[in-house]
Each structure stands twice: as C-alpha cells, then as structure tokens.
Amino acid sequence: IVTEVDWQSLKNGVAHHTQEYPCPELVVRRGHTFTLVLELSRPLEDQETIIFTVETGPQASEDRHTKAVFQISELEVGKTWAAVKEAETENTVTVSISSPPNAVIGRYLMSTRVSSRRKQNDRKLGEFVLLFNPWCPEDDVFLASEEERQEYVLNDSGIIFRGVEKHIRAQGWNYGQFEEDILNICLSILDRSPLYQDDPAIDVSCRHDPIYVTRAISAMVNSNNDRGVVQGQWQGKYGGGTSPLHWRGSVAILHKWFKGRFKPVKYGQCWVFAGGMCTVLRCLGIATRVVSNFNSAHDTDRNLSVDKYVDSFGRTLEDLTEDSMWNFHVWNESWFARQDLGPSYNGWQVLDATPQEEREGVFRCGPASVTAIREGDVHLAHDGPFVFAEVNADYVTWLWHEDESRERVYSDTKKIGRGISTKAVGSDSRVDITSFYKYPEGSRKERQVYRKAVRKLFSVEASGRRSRGPRAGGRGLWRGGPPGAATQAGCLWPVRVPGPWELRRQRARDHLKKKIPITIAYSQYKEDLTEDKKILLAAMCFVTKGEKLLVEKDITLEDVITIKCAQPGASGEGLGPV
C-alpha cells in the first residue's frame, strides 16, 4: 500500500544538523524526531495502521536492539522507536519517527507493512544513517554549549600544534568530515574492525556506546593488528608512500585507504593519526578535538617514571633506555559520559590512535577520563597509567657505570607534560589546557596526586608483560654518529655531530660562571638532520668529590629567509624585508 517515501532530506537535515553530508540517503541523529511523507496506493481503512521495521547490521534482532518493530500511534511513547501521525490526506500520511537516545548508530534499513488480516510482505522503503547526537540531553555524547558543538562536531577544519615547548608551531588540518564518501568510509572503518569480523552481530549491537565505538576507532586508525587506515613510520624513510609532514588533511588519506581496498596508507605519525581520528569521530557525531602535549613521556614499564641511561659523555645508551620523551605527541579528546565509571568522570576523554603499546593484544589507547588523570585515578578504565605518565611522569637520568651499577645524575618532576594545547573555540588561537590534566607543577597537590597514582598503580595486580610498538610521536631529535665533546673543569658537552670530534679540555677557576662557546659547522650535521630540524645538546658535569649532573637542551633550527631590496627605486620598489 505504501508506494513512495519522501525522506524530507532538507527539512530533516537542518533540524538534525546533518545537511552538510552529501549522502544520497537521509542522515539523522538519534534521540530526535524526523519526518517522512508516505504515499499510499489507497486510503487506510478504519482498523488499519502502518507498521515500521528498522534494522541495522547482520542478524538484526530486537533482543540485541539492532531491530525495532513499531506502528503509527497518535501520541509519543517514551524513549523507544516510535511513529506518530502528524497529518493525513487521502493518499499520503505524514509521520514523525523518533529513535531512542541510546540507539545503535549506523546504516539502517526501513520497511513498512499495513496491519490487516491479509498476510503481506514488508515493503523496503530504503536506508538511512543514524548518528550520535550531541544536541540531545539524554544522549551520552551530549554537549551543552552550542559554540562547542559548532567547533567540535561541525567544524571541518582546524589547527594541530607541533614543535617544541618554547617554539610551538601551528599547522592547518582539513578534517573534511562532510566531503564526498567520508561518512560511508567512516562506517566502513567500523565494519573492517576485527571485532566486527569476529562476531558482526554482537559488534553492531555494541555501537550504541561511545566508549566501545571510540576504542574500536582508536585501534582501526592505525594499521597494527588489522588492515587499519594509516601505517606509521618514524625512521625518516618514506619510500613507496608520503612523508607524514606532507599530509594536510584526512580526506585524501581516507579516500586512498577505501579505494585501495583497505590497504594501509603510508605513512603517518602522531598528528596524522590524531587528525584522521578527529575526522572519523566528528563524522559519527562525537564532539572531538586534537590535543598536543609537549615533552610527552612514553613509559614502557608502567612505573610512572621516564628512566634514561647515559654513559660518561652523556650519550644515551639505547640498549638500556626503553622509556622515551618526545618533543611533542598528539592525541584526541572526545566528550561523552562514562556510564562505566560514574558522573564524576564525564566530559573529555583521551583517545590515542598512535600505535605505542598493546592493550589486550591490540594497539589502541583510551578512552581515559581527563578528570581521572588529573586526580591520579589511574586504576580506572581505560589505559590510565600510560596517559598519566605522558603528562606527569618524573624524568630521571641515570649514569651507567662499567660495573653495571647506576647513579642518578638528573631528576626533574616538572619536565614532562608542558604546554598541553588545543585550538580555541571559534578561532585559530592556541589554548593551554595543562591545568585540565594536572595541578600546577611544584604544588603540594600535584605531588600528592603523583604519589596517589603510584599507590593506585602498584596496588593493582600486574597485568603481565606487554609488547612495545614503535617509538611514536614527534620526537624528531637528530641523532648523529659518535659525539664530540668540549670539557671544562670536568664538564663534558657532547654534541650530536657525526664523525670524530676531538675532546677539548680546559680548566678555569670560576668554571661554574664561565660560558663555554661551542661551534657546530653545518657540514658536520647536514647529512643527518631530519625534517624536524632538531639537535640535542647534552652536558655532563663532574664535580670534584661531589655529585654528577647532566643537562640537556633541544635546539630547533630556523629556516626563515629574509629578502631585502638592493635600493629604493630598483625593481620591486617599496618592498621591505619579507
């Protein structure tokens, strides 16, 4: 009896903030009503009504909440799938459809039939896509601020911050969640997940939960363990692919993955993973932003300390040093409620798609509540100890002696987790959100939280050894060959320069105040400098009958060119310095 359906795409799109999606099918958000106009081959009889069926995923069932059957009524009924008749003519019925605020998200098939004594088959009306709804107060992803919803859900471009703490650079990034095919690709990412491949019916039934969906996406954006989207590369060799520094957005990456039959795209580093994940989650309707952490720790042994081992020249002993500190590392935050933890931990949740450590055999990270990190509640799901260490580990350097004993030569409780940054709402300026992650460095409260985190961590039974992934993030520190060193009064200054450098020894009575100039010729490092243009300078100081001290400094080389006119009146008159 139903011959056609008018999906009212424009009207519904505006009401659901989905009008930017270029999809042929209707895109709506859960928990809010949308309108359909049904054309009928004949008027409905007095005792007849229209019955709707909506279903998503394989083996859809009402028990798993992946299928719902409901009929037109005169009044709305609770927070379930429902249809209310808004208007009726001889040959049309206007219906308002509502979905529960915790409905499974994804692509649905809608069918109808007329209730009558005569048995009849369902008529397939077509497909529509249901997304998370940050505008719905009953949805776990609800975000109260309209300005923030515009920024974190609907803005299709943004800024990613990179560099070093004292030289933070902004890079534009095109998220492009409303570009052609991107929504379809984002839904395909969920369907390519090993969770779906293992048991598609169960996997789809879990897609009502932003905790489940975001954790699955964090695993699928990297290519480890699965045929995920991006393959990481941190060795500076990008043959057969694209340098991570050359990507300017997510769209080209997602299209390449999809059109290449799900072959991982080469290559990415942390900001590429974070940019891609931001696109996917905004596309699915979860408020998401990109966050950069400077001096970011990678704590591999779960002791909330970055332990670095050096020789007497200050050179890092790579075989002994498993932990690391990156100049910067980039991850995501998404906004949703934590039904598993309680309302105190609602809000921003850390998610990291960069493959660093395996969790339950999968390279993924989060969601970890930012509030839990700030309060030291590292025992709570998911991956709290790792994220806490990234922003608040203690940094300790040990001098390794030939007899395999060690001596602490440097300790800093304030070094890790500096200038944690994200793009401002409504502008391209940088906002420092360090205070969301920890109390002020050096404060009594910050040290109390650190000790609490250590107690929480070591009171939980060890979960066994975990495999380590590649060193991730944006360290970019140039490591040349054997360093040379200049010394004064027992101070060794190793500079990462390839080739032999003579050891110069000088003595001065007032050596603690004396400046020691060091000249490093471009010819000495040009062959080994990475694209990040960074050099690490280390100084090992030996005090007679006293402790030893190691000091390090990151140097970022500028690449600014200044052009000046030869004289006024020449070609290009009026041009000054550029």
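Values in this document were obtained by computation on a predicted structure and should not be read as measured data.

(A) Region of the structure containing the overall build of the protein. Each helix and strand in the protein was counted, giving 13 helices and 30 strands. The 578 residues of the protein split such that 52% are buried. Sequence separation of 24 or more characterises 65% of the internal contacts of the protein that already satisfy a separation of 6 or more.

(B) Local environment of the UniProt feature "binding site: Ca(2+)" (unreviewed entry) in the protein. The UniProt feature table records "binding site: Ca(2+)" (unreviewed entry) at Asn 392, Asp 394, Glu 441 and Glu 446. Despite a sequence span of 55 residues, these residues sit close together in the fold, their greatest C-alpha distance being 11.8 Å. Relative to the helices and strands, Asp 394 resides in strand β21 (residues 394-400). Those residues in contact with Asp 394 that lie beyond four places of it in its chain are Leu 304, Ser 305, Val 306, Asp 412, Thr 413, Arg 447 and Tyr 450. Within the secondary structure, Glu 446 is located in helix α12 (residues 444-459).

(C) Representation of the sheet that holds strand β15 (residues 305-310) in the model. Taken in spatial order, the three strands of this open sheet run β15-β21-β22, and their pairing is mixed. The strands lining the two open edges of the sheet, one partner per strand, are β15 and β22 (406-412). For this sheet the average axis-to-axis angle between neighbouring strands, irrespective of direction, equals 25°. Of the pairings in the sheet, the one linking β21 to β22 comprises six bridges and is antiparallel in character. Each residue of the ladder has a partner; that of Trp 400, found in β22, is Arg 406.

(D) View of the pattern of salt bridges. Inspection of every chain in the model, using the stated rule, returns 26 salt bridges. Linking Arg 315 and Asp 311 is a salt bridge whose minimum nitrogen-to-oxygen distance equals 2.8 Å. Among the residues examined, Arg 315 registers a relative accessible area of 27% and is labelled partly exposed. Salt bridges sharing partners connect three or more residues here, namely Arg 215, Arg 359, Glu 360, Arg 364 and Asp 383.

(E) Up close: the packing of aromatic side chains. Throughout the structure, instances matching the rule amount to 21 aromatic pairs. Taken together, a centroid distance of 6.3 Å and an interplanar angle of 65° make the contact between Trp 81 and Phe 128 edge-to-face. Of this pair, Trp 81 sits in the loop between β5 (67-73) and β6 (82-88) while Phe 128 sits in strand β9 (residues 123-131); the two residues are 47 residues apart in sequence, bridging distant segments of the chain. Here the aromatic cluster, defined as three or more aromatic residues joined through ring pairs, consists of Trp 7, Phe 34, Phe 52, Phe 70, Trp 81, Tyr 108 and Phe 128. The ring of Trp 348 carries Arg 289 above its face, with NZ or CZ at 4.0 Å from the centroid. Lying over the aromatic face of Phe 386, Arg 359 brings its terminal NZ or CZ to 4.7 Å of the ring centre.

(F) Structural detail: the packing of helix α3 (residues 182-192) against helix α8 (residues 270-284). Put simply, α3 and α8 touch, their axes get as near as 10 Å, and they point 100° apart. The angle between α3 and α8 falls in the class roughly perpendicular. Residues Ile 182, Leu 183, Cys 186, Leu 187, Ile 189 and Leu 190 of α3 pack against Thr 279, Val 280, Cys 283 and Leu 284 of α8.

Basis of the calculations
- Residues numbered from 1 in each chain as written.
- Predicted model: local features only at pLDDT ≥ 70, side-chain atom pairs only at ≥ 80, totals over all residues.
- Heavy atoms only, no water.
- Helix = DSSP H or I, 4+ residues; strand = E, 2+ residues; numbered from the N terminus.
- Buried < 20%, exposed > 50% of the residue type's maximum accessible area, 1.4 Å probe, protein only.
- Contact = heavy atoms within 4.5 Å.
- UniProt positions renumbered as here; feature names shortened; annotations may be inferred.
- Pairing = 2+ DSSP bridges.
- Axes fitted to C-alpha atoms, helices over the stretch in contact; angles between N-to-C directions.
- Salt bridge = Lys/Arg side-chain N within 4 Å of Asp/Glu carboxyl O.
- Phe/Tyr/Trp six-rings, centres within 6.5 Å; stacked < 30°, edge-to-face > 60°.
- Lys NZ or Arg CZ within 6 Å of the ring centre and 35° of its normal.
- Parallel < 35°, antiparallel > 145°, perpendicular 65-115°, else oblique.

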